[in-house]
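# Structure at a glance
So you can see what is in the structure, the chains are spelled out below.
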Amino acid sequence: MHVTPPLPPLKRVPPGVWTVLAWWAGLVFTFLIRIRLPGESGPAKLPGPLIYQWDGLTFLVVATGLVHVSGGLLRRRPLPALGLLLAAAVLACVPLGVVEIPLAQYLAVDVALYFVAAECVRRTGIIALLGALALLAGYLATRLLFGWPIGASAELAVAMTAVIAWLVGHSVRQAREHAETLVTTATAQAVADERLRISRELHDTVAHSMSVIALQAGAARRVIDTQPRRAGQALGEIETVGRETLSGLRHMLGALRHGEQSRPLDPAPGLTDLDKLVAATTDAGVDVEVRWLGERRPLPPEIDTSAYRVIQEAITNVVRHAGTSRCRVSVEYQEDELAIEVLDGGCGTRRTAEGGYGLVGMRERVSMLRGSFCAEPRPEGGFRVAARLPLTTGVR
């Protein structure tokens, strides 16, 4: 069972808490720069006339209260929460006696802009940024209308920090959306690949067995009155093949239904199982001659299974469509590739008109292994299926 790892401690802190902490950090900084610190001849900023009076402190308390309320609303209602932060920034400027909204009073707004841009839809993020910039411009415009001095340069710096905070949050959201898109695409591709793999396995498992059963059933029907013993043998073969096929299908469906709780699937067949396939096909009435060329050696599992499946499907097509009682299979081990060829002398032109997935499945298997595949009628009659599977690097 997949377990999601816990988030790092800092990522578990809600955005509203970070916003409140940013406000308190700015507030502490505001008081520190208005007192003489060690090593300084005087405070960096002169305290406003109201900052230490009860009415000035009341403005700061009200502003701080608005920030705390905003922290609780930020995740659920981001735009109203940002509005409270902007109001708090303006209220805090009253007792300070400043000509612009200082950066310290805008730190909480910057943090909120980051989270809104990172976690909300793009439209909400853009509205939040425009609102933050409009407040700065409106503050300066109001002071100009009253003929008061303004700090345009300092306010431009504050506006720049707001834009940067929004851009960082926007980039985080884009990166997350891109990662989610990649995961969705990869999941969809994995599902499609798995469906294709299951389709091939079901086709390969069922098609050959059903062809053998159909051939044996036809033979039994023809001789049931004249040769009952032979008909009984054919029926027994039908029973054996049918039970084996049903067992394989039941096992495969059980694995698909129960996933990891199911017992492991049986090992995929390979060229070592070719003798069993030939014997079953021969019992069904089609003699299969196998020629082994080159030095036989272990093959990569995907090559071994694909080679077997190609031969199985080609023999199944011979049984179903060729109208012949013989075919020849050649398996050649070369230095850097495995060559497979299945020849028959039947009615090869009928094979290409079929609407099934046999040839398509064989071609897909070979293509996935960067090999070459050919299926065509022979000039002298019959049909030829050939495949070459590379044994070098680059096979996947």
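Before any of the text, the structure's been laid out above.
Residues numbered from 1 in each chain as written. Predicted model: local features only at pLDDT ≥ 70, side-chain atom pairs only at ≥ 80, totals over all residues. Heavy atoms only, no water.

### As for the overall build of the protein
Each helix and strand in the protein was counted, giving 10 helices and five strands. Relative to its full complement of 396 residues, the protein shows a buried share of 40%. Long-range contacts, defined here as pairs at least 24 residues apart, represent 69% of the contacts in the protein between residues at least 6 apart. (Helix = DSSP H or I, 4+ residues; strand = E, 2+ residues; numbered from the N terminus. Buried < 20%, exposed > 50% of the residue type's maximum accessible area, 1.4 Å probe, protein only. Contact = heavy atoms within 4.5 Å.)

### Focus: the nonpolar core
With 38 residues, the main nonpolar core has Trp23, Leu82, Leu85, Ile101, Tyr106, Val109 and Leu113 as its most contacted residues. Of the residues forming this core, the biggest block, nine residues, is contributed by helix 3 (residues 78-96). Beyond its immediate stretch of four places on either side in the chain, Trp23 contacts Ala63, Thr64, Val67, Ala88, Ala89, Ala92, Gln105 and Ala108. (Core = buried A, V, L, I, M, F, W, Y, C linked by side-chain atoms within 4.5 Å.)

### Some points on the pattern of salt bridges
One pass over the structure, following the stated rule, counts eight salt bridges. The shortest N-O distance in the salt bridge between Glu341 and Arg384 comes to 2.8 Å. One end of the pair, Glu341, is in strand 3 (residues 337-344); the other, Arg384, is in strand 5 (residues 383-390), with 43 residues separating them in the sequence. For Glu341, a relative accessible area of 22% gives the class partly exposed. Taken together, the shared-partner salt bridges connect Glu341, Glu376 and Arg384 into one network. (Salt bridge = Lys/Arg side-chain N within 4 Å of Asp/Glu carboxyl O.)

### Structural notes on the packing of aromatic side chains
As enumerated under the stated definition, the model contains two aromatic pairs in all. Ring centres 5.1 Å apart and planes at 75° place the aromatic pair Tyr114 and Phe115 in the edge-to-face group. Taking the relative accessible area as the measure of exposure, Tyr114 reaches 27% and is therefore partly exposed. Each ring, one from Phe146 and one from Trp148, has its centre 4.9 Å from the other, and the planes form 20°; the classification is stacked. A relative accessible area of 56% places Phe146 in the exposed class. Seen from the ring of Trp292, Arg296 lies directly overhead, with NZ or CZ sitting 3.5 Å from the centre. (Phe/Tyr/Trp six-rings, centres within 6.5 Å; stacked < 30°, edge-to-face > 60°. Lys NZ or Arg CZ within 6 Å of the ring centre and 35° of its normal.)

### Focus: the sheet that holds strand 1 (residues 287-293)
Pairing is mixed in the open sheet, where five strands are placed in the order 1-2-3-5-4. Across the chains shown, the open sheet's two edge strands, defined by having one partner strand only, are strand 1 and strand 4 (372-377). Across this sheet, the average inter-strand angle for adjacent strands is 10°, counted without regard to direction. Bridge count for strand 4 against strand 5 is six bridges, and the pairing is antiparallel. (Pairing = 2+ DSSP bridges. Axes fitted to C-alpha atoms, helices over the stretch in contact; angles between N-to-C directions.)

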